[in-house]
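# A structural walkthrough
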Amino acid sequence: MSEKTPLLHYRLTTSSEPPDGSKRTGVKGGGHYRRSKDKAAQKLGALFGVVIPTLLSMFSVVVFLRVGFVVGQAGLYHSIAMLLVAYFIITMTVLSVCAISTNGALDAGGAYYMISRALGPEFGGSIGIMFFLANVCGSALYILGLVEAIVSTFGVPQGEVHWDRVLPSGYWWALLYGTALLFLCFIVCLVRDFSISLPFLKNIFSQGTLAAVLITFITYSVLSLFAAWSCDRYLLQRDYSFLGDINILPPMVTVGIYASSLSAAMSNLIGASRVLYALSKDDLFGGVLALARKTSQSGNPWVSVLASWLLVQVRYHNVYTQFDFSSLLEV
């Protein structure tokens, strides 16, 4: 390899073809490239393939537990300004990803796969590690938010007895709740089959990602406006679960918190494992990630899932030790 050789032809192109030399006709996790001729692969449209997953990843538990806190601390004007800056960055990123993704099919690794094929292994490797660690931290954060919501709703308050609060509270109990929830996400990630077809040709003109970005921006802005309009600032600063107290149907807020937190945590755990698996296949770090290439018979990279789960567990424990749950149990 000379200095003038394009980075795109260095090591990465060999991993995108099947090991038997046959031409790939479908995408399946774990390097299995086979597709039944008599059974067409299931394809997702713009709504279920793009809009819904993007909405789930951008809403998460922040909608229910942190919008009011941001308004209470920063004020409405500064909150809207932060949203404008954040969504400007998001929109530019989405446009760049859309431009890259329409140039070809994708394999495991998502954004890392696209960046490494477009910019080369040097950029791809460094960004891939950042994506992996970001997903690990994100999964731990969402589990923490879910445990926070569970303890706030069902934890036994200090000095009081309530018939609907039955879960023991304390440091080790809350740590146990988070560990159990994270283990549930781990089991789901192990048994899921990720044989999918990526319908980019259908989604080029429908711009589902941009539609999801616009919907989330409007939702965050409207919620911030309503929170500033209807709630006292003291309440917004000190009560994370204020939406449940002022909502017409409080149980729906609780369901939304649990569902969004668990979905986001699981999504980040899956994303971290797939990035780690893609890094191991591209052999950017030599034999350090050799074990992460192992897959099950169905093509699921179980070693990458296991390694990601362990790191998320460590990160959750680290974040949890800095979080005070006692304030959530005050009546």
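Residues numbered from 1 in each chain as written. Predicted model: local features only at pLDDT ≥ 70, side-chain atom pairs only at ≥ 80, totals over all residues. Heavy atoms only, no water.

Looking at an unreviewed UniProt entry, one finds the protein chain named Amino acid permease/ SLC12A domain-containing protein, with Amphilophus citrinellus as its source organism. According to its UniProt record, the protein chain has this under Subcellular location (unreviewed entry): "Membrane". (UniProt positions renumbered as here; feature names shortened; annotations may be inferred.)

Below, the discussion takes up the overall build of the protein chain. Counting its regular elements, the protein chain contains 13 helices and 0 strands. Each helix and strand of the protein chain, ordered N terminal to C terminal, gives the series α-α-α-α-α-α-α-α-α-α-α-α-α. A burial count over the protein chain gives 39% of its 331 residues as buried. Sequence separation of at least 24 residues holds for 76% of the intrachain contacts in the protein chain that already meet a minimum separation of 6. Of the roughly 18500 Å² of accessible surface on the protein chain, 67% is carried by carbon and sulfur atoms. (Helix = DSSP H or I, 4+ residues; strand = E, 2+ residues; numbered from the N terminus. Buried < 20%, exposed > 50% of the residue type's maximum accessible area, 1.4 Å probe, protein only. Contact = heavy atoms within 4.5 Å. Areas by Shrake-Rupley, 256 points an atom, 1.4 Å probe, with all protein chains shown as cover.)

Listing the buried residues of helix H3 (residues 67-74) in full gives Val67, Gly68, Val71 and Gly72. One side of H3 holds all its buried residues, which, seen down the axis, span an arc of 130 degrees. Positive phi shows up at glycine 75, right after H3, with a value of about 90 degrees. (Arc of directions from axis to C-beta.)

Here we take up the UniProt feature "transmembrane region" (unreviewed entry) in the protein chain. Within the UniProt annotation, "transmembrane region" (unreviewed entry) is assigned to residues 44-68, 80-106, 127-151, 171-192, 204-228 and 248-271. Taken end to end, residues 127-151 comprises 100% helix and 0% strand; its first and last C-alpha atoms sit 36 Å apart. Helix makes up 92% of residues 248-271 and strand 0%, with an end-to-end C-alpha separation of 36 Å.

Let us now look at the confidence of the model for the protein chain. Per-residue confidence for the protein chain gives a mean pLDDT of 75; residues scoring 70 or more make up 73%. Considering only residues more than four positions removed or in separate chains, one finds that residues 13-41, a stretch of pLDDT under 50, has 46 contacts. (pLDDT = per-residue confidence, 0-100.)

We now examine the environment of serine 298. Within the fold, serine 298 resides in the loop between helix H12 (250-282) and helix H13 (302-320). Accessibility expressed as a relative area gives 35% for serine 298, which makes it partly exposed.

Two numbers describe how helix H5 (residues 111-119) lies on H12: the axes approach to 9 Å, and their chain directions differ by 35 degrees. Facing H5, whose interface residues are Tyr112, Ser116 and Arg117, H12 presents Val275, Ala278, Leu279 and Asp282. Of the residues that constitute the contact of H5 with H12, the class distribution is 4 nonpolar, 1 polar and 2 charged. (Axes fitted to C-alpha atoms, helices over the stretch in contact; angles between N-to-C directions. Nonpolar A, V, L, I, M, F, W, Y, C, P; charged D, E, K, R; others polar.)

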